[in-house]
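Residue-level structural notes
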Amino acid sequence: MQYGRNCWLDMRKLPDGFKLGVATAAYQIEGGWNAADKAPSMWDNFCHKPSKIADNTTGDDACKSYEYYKRDIEMLKFLSVDFYRFSISWPRILPTSFPNKISEAGLTYYNNIINELLVNNIEPVITLYHWDLPQNLQDLGGWANPLIVDWFEDYARTMYQLFGDRVKTWITINEPKQIAIYGYGLPRLAPGINSHGIGDYLAVKHVVMAHARAWHVYDKEFRAKQKGICGITIALDYREGMTDSPSDMQAGKDAMDFEVGLYSHPIFSTKGGFPDSVVRIVGEKSAAQGFFRSRLPEFTPEEIEYVKGTSDFFGFNHYSSRFYSREKFEKGMYPVPSYDDDIGAYYSYMDYEKSAVIHVTVVPQGIRKALNWVKDTCNNPPIMITENGFATYGGLDDEKRIMYYNKYLNATLDAIDIDNCNVISYTAWSLMDNFEWGFGLRIKFGLFEVDYEDDFRTRKPRNSAFWYKKLIATRAIEQDYKTEFKEISF
Ligand code: NOJ
């Protein structure tokens, strides 16, 4: 296919029925951290401790969407998205964490959003868990406690009961790796438990089990009546060998098994359970380190069967690619034991073009490889791209973000048109600037800029918002692009 500037014939059509949307997450946008009867989440507590967040900001107020959600919906209307992916704050809707008490204020808030979306013909796509665990459950061990599977079941069932008459797409859990490895193995994300090589693997198993439980509840108790779909979103940043030496190539493959396979293999593969490579590597290292059992917990045969097939789609978050080398791996590079030591490779983003955060280094061909990896290792499931986006330090003129979207979408279309990957939707991260976890408010992912100095948190469309609006209107993408820029605020 040939491309040329502003020539319709050279435009590349999106597949028929392909859906386009944008995403946010509760803690990153809502604010109102202690409004009404909301209980604290582990992110509230984490951010209230000194020196946890790079720019010392918190999500206490964030975009104030708890107050100003109507403006968010105006922005969605402006873009004309097919769907809006957002998450529910567990401690806002269930202030005790359990279904014995449903917050009236929380219920009204989420009902308002859902109803307003539907009136405007925008499909609500709800993530049940986007990292803001109730602090009282974290006090009991959080994702390191196997009982979380029961707690999550009760929460999920309650959400299906409250909203499932109107919500038809459910994402149980967002990015299990980040929850487990960065929250329980490294102090990078809340709850900041530094139990590397041990606590992280406990959380890995319980996140997978909790997801499966929530899916089974939907499948058995709600699907027939509500007729929706339910699945998990996994971070699928691509990992590959730094060189084509056999040992580097193997390091890339092993890294995919650790980074993605730990979550996708139990759910999507025919065999089920954790990937053999990871079971073997962690088992051998644990034995050599003097442990009496593997640091990676096992699934029982019943659990393997229970988890298999528990996702109606593959929720796919993708930002970048990382390159691995076993040849450059040296003893002492990582603590022992640890997840990184178990992978046993040096890694880098190499010298690809950078964004404001390292994990969004621009490697467009990586999304095509990642989509193919899912097709080949996960039984070719329908793939919903649930996040993709670019980070800056701000400014309405965000040509680099447009370039990023354009290149990643072209690579996605290669995966669809040439490789037959079954991609059914695409979600831009994010609707607007928001609280970027450990980086704070300074890092901007928004199609819309949010003015944090302003009490009303005025939102303004960036050039990329106009570009995305045009993409949604035309359902076609160009290699070269032209944007018009207008002054509007919400
Ligand atoms: C993935 C996470 O789901 C989202 O919350 C985060 O803001 C983006 N990555 C960007 O880092």
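Calculation rules
- Residues numbered from 1 in each chain as written.
- Predicted model: local features only at pLDDT ≥ 70, side-chain atom pairs only at ≥ 80, totals over all residues.
- Heavy atoms only, no water.
- 1 Å grid on protein atoms, 1.4 Å probe; cavity = no way out; pocket = protein on both sides within 12 Å on 5 of 7 lines; lining within 4 Å.
- Points joined across faces, edges and corners; volume = space filled by probe spheres on them.
- Helix = DSSP H or I, 4+ residues; strand = E, 2+ residues; numbered from the N terminus.
- Nonpolar A, V, L, I, M, F, W, Y, C, P; charged D, E, K, R; others polar.
- pLDDT = per-residue confidence, 0-100.
- Contact = heavy atoms within 4.5 Å.
- Near = heavy atom within 4 Å.
- Polar contact = N/O pair within 3.5 Å; in protein donor to acceptor, adjacent residues only side chain to side chain.
- Areas by Shrake-Rupley, 256 points an atom, 1.4 Å probe, with all protein chains shown as cover.
- Sits in = over half its atoms within 2 Å of the grid points.
- Core = buried A, V, L, I, M, F, W, Y, C linked by side-chain atoms within 4.5 Å.
- Buried < 20%, exposed > 50% of the residue type's maximum accessible area, 1.4 Å probe, protein only.
- Expected span 1.5 Å × (residues − 1).
- Salt bridge = Lys/Arg side-chain N within 4 Å of Asp/Glu carboxyl O.
- Phe/Tyr/Trp six-rings, centres within 6.5 Å; stacked < 30°, edge-to-face > 60°.
- Lys NZ or Arg CZ within 6 Å of the ring centre and 35° of its normal.
- Pairing = 2+ DSSP bridges.
- Axes fitted to C-alpha atoms, helices over the stretch in contact; angles between N-to-C directions.

**Quick look at the layout of surface pockets**
Put simply, the largest pocket is a space of about 650 Å³. Along its surface, the largest pocket is lined by 32 residues, and Q178, Y182, R188, H359 and F439 are the ones closest to its centre. Those elements giving two or more residues to the lining of the largest pocket turn out to be α8 (176-185) and α10 (246-268). Top element by residues in the lining of the largest pocket is α8. It accounts for three residues. Looking at side-chain class alone, the lining of the largest pocket contains 15 nonpolar, eight polar and nine charged residues.

**Here's the deal with the confidence of the model for the protein**
When pLDDT is averaged across the protein, the result is 96; 97% of the residues are at 70 or more. Predicted confidence is poor over residues 1-7, with pLDDT under 50, and the contacts of this stretch with residues over four places away or in other chains come to eleven contacts.

**Describing the site of the ligand**
Around the ligand sit 13 residues, and of these Q28, N174, H359, E387 and E436 come closest. Separating an oxygen atom of the ligand from a side-chain N or O atom of N174 is a distance of 2.8 Å. Take H359: an N or O atom from its side chain is 2.8 Å from an oxygen atom of the ligand. Computed on the free molecule, the ligand has an accessible area of 300 Å², of which 97% lies beneath the protein chains in the complex. Among the detected pockets, the ligand sits in the largest pocket. Within the shell around the ligand, the residues separate by chemical class into five nonpolar, five polar and three charged.

**Topic: the nonpolar core**
Counting 154 residues, the largest nonpolar core has W43 and W143 as its most contacted members. In terms of residues, this core owes the most to one element, helix α9 (residues 199-226), which gives 13 residues. F83, I171, F313 and M384 belong to the second-largest nonpolar core, a separate cluster that totals five residues.

**Concerning helix α14 (residues 365-377)**
An ideal rise of 1.5 Å per residue puts 18 Å on 13 residues; α14 measures up with 19 Å between its terminal C-alpha atoms. All of the buried residues in α14 are G366, I367, A370, L371, N372, W373 and V374. Just beyond α14, the residue with positive phi is N379, at close to 65 degrees.

**A look at the pattern of salt bridges**
Evaluation of the coordinates by the stated rule reveals 35 salt bridges. Notably, a salt bridge pairs E284 with R280, separated by 3.9 Å at the nearest N-O pair. Highlighted residues: E284 and R280, both in helix α11 (residues 276-288), separated by four residues, approximately one helical turn. With a relative accessible area of 49%, E284 lands in the partly exposed category. Since its relative accessible area comes to 44%, R280 is described here as partly exposed. For D433, the salt bridge is made with R462, and the minimal N-O distance between the two is 2.8 Å. With D433 in the loop between β12 (423-429) and β13 (448-450) and R462 in the loop between β14 (459-461) and α16 (463-474), this residue pair connects regions lying 29 residues apart in the sequence.

**Describing the packing of aromatic side chains**
Inspection of every chain in the model, using the stated rule, returns 40 aromatic pairs. Considering the side-chain rings of F78 and F466, the 5.7 Å spacing of their centres and the 85 degrees angle between planes classify their relative orientation as edge-to-face. Of this pair, F78 sits in helix α3 (residues 65-79) while F466 sits in helix α16, and the two are 388 residues apart along the sequence. You can call F78 buried: its relative accessible area is 14%. Here the aromatic residues F390, Y404, Y405, Y408, Y426, W467 and Y468 are joined through ring pairs into a cluster of three or more. The lysine or arginine in question, R92, covers the ring of Y66, its NZ or CZ lying 4.1 Å from the ring centre.

**What about the sheet that holds strand β7 (residues 238-241)?**
An order of β7-β9-β10 is seen for the three strands of this open sheet, with the pairing classed as mixed. Of all the strands in the sheet, just β7 and β10 (346-348) have a single pairing partner and so form its edges. Across the sheet, the mean angle from the axis of one strand to that of its neighbour is 30 degrees, orientation sign disregarded. In terms of strand pairing, strand β9 (residues 321-325) meets β10 through three bridges, oriented antiparallel.

**Observations concerning the sheet that holds strand β8 (residues 314-317)**
Pairing is parallel around the closed barrel formed by eight strands, whose spatial order is β2-β3-β4-β5-β6-β8-β11-β12. Across the sheet, the mean angle separating the axes of adjacent strands is 25 degrees when strand polarity is ignored. Alignment of strand β6 (residues 229-235) against β8, held across four bridges, turns out to be parallel. Pairing of I232 across the sheet is with F314, part of β8. Against the sheet, α10 contacts β6 and β8, and its axis sits at roughly 160 degrees relative to β6.

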